[in-house]
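Chain by chain, the residues run as shown.
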Amino acid sequence: MRISKRQAIQVHPVPSMAVNPKGPFPLEIFDEPKIVDNYSPEYAEDGGNFPLGATVQNNFTPLKYLRCAVCLVRVLETETENHTCED
């Protein structure tokens, strides 16, 4: 079977009201987002400048350790609710 390529043409005329959206929404909703073309990453692409413990899962922020005022044990910030001091 032979495939032939044809240029598409507009058969029906485009309505004159199709250009401007109308409705209960403000016109700011239909604005296109700004394209950022001069993006420079905060850290190097090879990962050499990332802080220790920074991963994609924690948004490249290092883990925070806190010290318990009672037993002086280092505890992760996410584990402070489960911490119990040992006597």
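What you are looking at is a predicted structure, and each value in this text was computed from that prediction instead of being measured.

Asker: Please give an account of the overall build of the protein chain that cites residues and values.
Answerer: A count of helices and strands for the protein chain gives zero helices and two strands. A burial count over the protein chain gives 5% of its 87 residues as buried. Considering only contacts in the protein chain between residues 6 or more positions apart, those separated by 24 or more positions represent 0%. Summed over its atoms, the accessible surface of the protein chain is roughly 9300 Å², and 55% of this surface lies on carbon and sulfur atoms.

Asker: Talk me through the environment of V73; I want residue IDs and the actual numbers.
Answerer: Structurally, V73 can be placed in the loop between β1 (65-67) and β2 (74-76). For V73, a relative accessible area of 37% gives the class partly exposed. Once the C-alpha coordinates of V73 and E86 are considered, the two residues, 13 residues apart in sequence, prove to be 9.7 Å apart. When neighbours within four sequence positions are excluded, V73 is seen to be in contact with L66, R67, C68 and H83.

Asker: Which residues make up unusual backbone geometry, and what are the values?
Answerer: Positive phi outside glycine occurs at L72, with the angle close to 60°. By secondary structure assignment, the location of L72 is in the loop between β1 and β2.

Asker: So what's going on with a nonpolar patch on the surface? Which residues, and what values?
Answerer: Residues F25, L27, I29 and F30 make up a contiguous nonpolar surface patch of roughly 450 Å² in combined accessible area. Inspection of the secondary structure assignment puts L27 in the segment before β1. The exposed category is assigned to L27, whose relative accessible area is 60%.

Asker: Account for the state of the cysteines, with residues named and values stated.
Answerer: In protein chemistry, a disulfide is the covalent bond that joins the sulfur atoms of two cysteines. Taken as a whole, this structure holds zero disulfides when the rule is applied. Unpaired in terms of disulfides, C71 finds its nearest cysteine sulfur in C68, a separation of 3.6 Å. Considering cysteine sulfurs only, C68 is the nearest to C85, which forms no disulfide, with 3.5 Å between them.

Here is what the cut-offs are and how they apply
Residues numbered from 1 in each chain as written. Predicted model: local features only at pLDDT ≥ 70, side-chain atom pairs only at ≥ 80, totals over all residues. Heavy atoms only, no water. Helix = DSSP H or I, 4+ residues; strand = E, 2+ residues; numbered from the N terminus. Buried < 20%, exposed > 50% of the residue type's maximum accessible area, 1.4 Å probe, protein only. Contact = heavy atoms within 4.5 Å. Areas by Shrake-Rupley, 256 points an atom, 1.4 Å probe, with all protein chains shown as cover. Patch = residues over 30% accessible without salt bridge, like charges linked within 9 Å, V, L, I, M, F, W, Y side chains within 5 Å. Salt bridge = Lys/Arg side-chain N within 4 Å of Asp/Glu carboxyl O. Disulfide = S-S within 2.5 Å.

The values reported here are purely geometric and, on their own, carry no functional implication.
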